[in-house]
Amino acid sequence: MIQPDKTTNTNWTLLFLCWLLVSVSAMISIFFSSVLDYVPCVLCWYQRIFLFPLIFIFAAGLFPTFDRSVIKYALPLTIAGGLTALYHTLLYAGIIPENIQPCSQGVSCTEKYIELFGFVSIPMMSFFAFSALVTLLIILKRRTSK
Amino acid sequence: MKYALVGVTCLVLILAFVLGSNYYKDQQAQKYGFMAAENAKLFVRDHSPTLGSDDAKVYLVEFMDPACETCAVFAPFVKKIMADNPGKIKLVLRYAPFHDGADNFVKILEAARMQGKYWETLDVMFKTQNIWASHHNYQPERLWEVLPGAGVDIEQIKKDMHDPAIAKIIEQDMADVKTLNVQKTPGYFVNGKPLKTFGQKQLYQLIQSELDAKYRK
């Protein structure tokens, strides 16, 4: 029997957290669109494109044991998703003027659906999730590069 | 151990999703039930075209659009259910022309109603949809070619369709669409109960359950 050392265990747990965060985010996203019938705007779709594959990438990195190369594959997606979410959040907050936004048809990217506690919008939740992922992945990168 | 943890988490997430959506849909159904009791007019306006006996105890309210492909697919299905339960179901049509330009076809349909050819015209429109509304590429001029099949006076329709009374009907229906949160067409309510998941089977079951409740054997 190979005795898994403590560091590998912690790394596995961190990656598991990443996977859990991504899965919960994807689930909430699908809940909004399929159950609550919130139509996703163009920017939401870009973020979903960066988000959904991470479920499978992280899951693949968890088995049979923690695989550090998962960081390399997941980071570009999380950073791209985070930047899109940041742009979307700023657009939504009105800091970037709406007339330069790419969604002229269909649902407006500044359409208000829900705001938790009065200010947490859907793009903001997305931004929090992607930021947390980037942070977790950078921590993992540091821990494994020694 | 690891596999079990990830597997169980997956199951928990899926379960949470299913329970969450069921809970939400039940809440919605209750809300609509309350609306139906409080304000039946939201579902059936005086101007709404209806089909079936006035004594029917099951009201099938359909939010539709003559240019909607799925509405055309559902039309014969709804007719069949009504034919199978004579006198028990009343169909109420409401308009939800979501796409740009779709309201023009509602206007044509309402203008045909002035000539007493409402259901004939709707039938022709649904059957020839691929000619004039193929993939939301609306070509009203092609509709004029096929409409004589319904026995209507085209020139009269062209005049009548701009009647402000028709625009008012659409406006009222769209306001109710918003209140009732209808997002897609066809949108069905059976005695105020919304169709929770979309599909012919689900619609059939919902109508059947109302029939069973209202006409106990």
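Cut-off values and rules
- Residues numbered from 1 in each chain as written.
- Chains lettered and ligands numbered in written order.
- Predicted model: local features only at pLDDT ≥ 70, side-chain atom pairs only at ≥ 80, totals over all residues.
- Axes fitted to C-alpha atoms, helices over the stretch in contact; angles between N-to-C directions.
- Helix = DSSP H or I, 4+ residues; strand = E, 2+ residues; numbered from the N terminus.
- Left-handed = near helix turned anticlockwise from the far one by under 90°.
- Contact = placed C-beta atoms within 7 Å.
- Nonpolar A, V, L, I, M, F, W, Y, C, P; charged D, E, K, R; others polar.
- Pairing = 2+ DSSP bridges.
- Parallel < 35°, antiparallel > 145°, perpendicular 65-115°, else oblique.
- Core = buried A, V, L, I, M, F, W, Y, C linked by C-beta atoms within 7 Å.
- Buried ≥ 20, exposed ≤ 12 C-beta atoms within 10 Å, placed from the backbone.
- Expected span 1.5 Å × (residues − 1).
- Bend = angle between axes of the 7 residues up to and from the residue.
- Right-handed = clockwise from strand over helix to strand, strands pointing away.
- pLDDT = per-residue confidence, 0-100.

### Comments concerning the packing of helix 1 (residues 6–35) of chain A against helix 2 (residues 42–62) of chain A
Residues and elements named next belong to chain A. Two elements in contact, helix 1 and helix 2, have axes whose closest approach is 9 Å; the angle formed by their N-to-C orientations is 145°. Seen along the crossing, helix 1 lies across helix 2 with a hand that is left-handed. Touching W12, L15, F16, C18, W19, V22, S23, S25, A26 and S29 of helix 1 are R48, L51, F52, L54, I55, F58, A59, G61 and L62, all from helix 2. Tallied by class, residues from the contact of helix 1 with helix 2 come to 14 nonpolar, four polar and one charged.

### Let's talk about the sheet that holds strand 2 (residues 58–64) of chain B
Residue and element names in this part refer to chain B. Spatial ordering of the open sheet is given by 1-3-2-4-5, a layout of five strands whose pairing is mixed. The outermost strands of the open sheet, each flanked by one partner alone, are strand 1 (50–51) and strand 5 (193–194). Bridging between strand 2 and strand 4 (residues 187–190) involves four bridges; their strand directions are antiparallel. Residue pairing in the sheet places F63 in a bridge with G187 of strand 4. In the packing of helix 2 (residues 69–84) onto the sheet, contacts are made with strand 2 and strand 3 (89–95), and the angle to strand 3 comes to roughly 160°. Across the sheet, helix 9 (residues 200–214) is in contact with strand 2, strand 3, strand 4 and strand 5; its angle to strand 2 comes to roughly 155°.

### Concerning the packing of helix 2 of chain A against helix 3 (residues 69–93) of chain A
All names here are of chain A. Contact pair helix 2 / helix 3: the axes reach a minimum separation of 9 Å and the direction vectors enclose 160°. The angle between the axes of helix 2 and helix 3 places the two elements in the roughly antiparallel class. In this structure, the crossing between helix 2 and helix 3 has a hand that is left-handed. Taking contact as the criterion, the partners of L43, Y46, Q47, F50, L51, P53, L54, I57, F58 and G61 in helix 2 are, on helix 3, V70, Y73, A74, L77, T78, A80, G81, T84, A85 and H88. Along the lines of polarity and charge, the residues of the contact of helix 2 with helix 3 split into 14 nonpolar, six polar and no charged.

### What about the nonpolar core?
Residue and element names in this part refer to chain B. In terms of nonpolar packing, the biggest core is built from 51 residues, with V58, L60, I89, I108 and I207 touching the most fellow members. The set of elements that each furnish at least two residues to this core consists of strand 2, helix 2, strand 3, helix 3 (102–114), helix 4 (118–127), helix 8 (164–179), strand 4 and helix 9. Sequence-distant contacts of L60, that is, excluding residues within four places in its chain, are made with V78, I89, K90, L91, V92, Y188, V190 and I207.

### Points about helix 2 of chain B
A rise of 1.5 Å per residue sets the reference length of helix 2 of chain B, with its 16 residues, at 22 Å; its end C-alpha atoms lie 24 Å apart and thus fit the reference within 8%. The largest bend along helix 2 of chain B measures about 30° and falls at A75(B), with the proline P76(B) one to four residues further on.

### Comments concerning the interface of chain B and chain A
Of the residues lining the interface, nine residues belong to chain B; the matching set on chain A comes to eleven residues. Broken down by class, the residue content of the side of chain B that touches chain A amounts to four nonpolar, four polar and one charged.

### Some remarks on the pairing of strand 2 of chain B
Residue and element names in this part refer to chain B. Most of strand 2 is tucked away: seven of the seven residues are buried. Along strand 2, one buried face is formed by V58, L60, E62 and M64 and the opposite face, lined by Y59, V61 and F63, is buried too. Between the parallel elements strand 2 and strand 3, the chain passes through helix 2 in a crossover that is right-handed.

### Here's the deal with the confidence of the model for chain A
Confidence in the prediction for chain A averages 84 pLDDT; 84% of positions are at 70 or higher. Across residues 101–105 of chain A, confidence stays below pLDDT 50; counting only partners more than four residues off in sequence or on other chains, it has eight contacts.

### A look at the confidence of the model for chain B
All names here are of chain B. Per-residue pLDDT for chain B has a mean of 87; in total, 98% of the residues score no lower than 70. Per-residue pLDDT, averaged within each element of chain B, yields its smallest value for helix 6 (residues 140–146) (82) and its largest for strand 3 (93). This complex was scored by the predictor with a pTM of 0.66 and an ipTM of 0.70.

### Considerations on unusual backbone geometry
Looking along the chain, the bond that leaves F63(A) and enters P64(A) is cis, with omega of -5°. Mapped onto the fold, P64(A) is located in the loop between helix 2 and helix 3. Of the consecutive residues T185(B) and P186(B), the connecting peptide bond is found in the cis state with omega at -10°. Locating P186(B) in the fold gives a position in the loop between helix 8 and strand 4.

### Points about the environment of L203(B)
All names here are of chain B. In this fold, L203 is placed in helix 9. Given 21 C-beta atoms within a 10 Å radius, L203 is considered buried. Beyond its immediate sequence surroundings of up to four residues, L203 is in contact with Y188 and L195.

### Quick notes on the pairing of strand 4 of chain B
The alternating pattern of strand 4 of chain B places G187(B) and F189(B) on one face and Y188(B) and V190(B) on the opposite face, and all of these are buried. The turn joining strand 4 of chain B and strand 5 of chain B, which pair antiparallel and follow one another in sequence, is formed by two residues; a positive phi near 50° is taken by N191(B).

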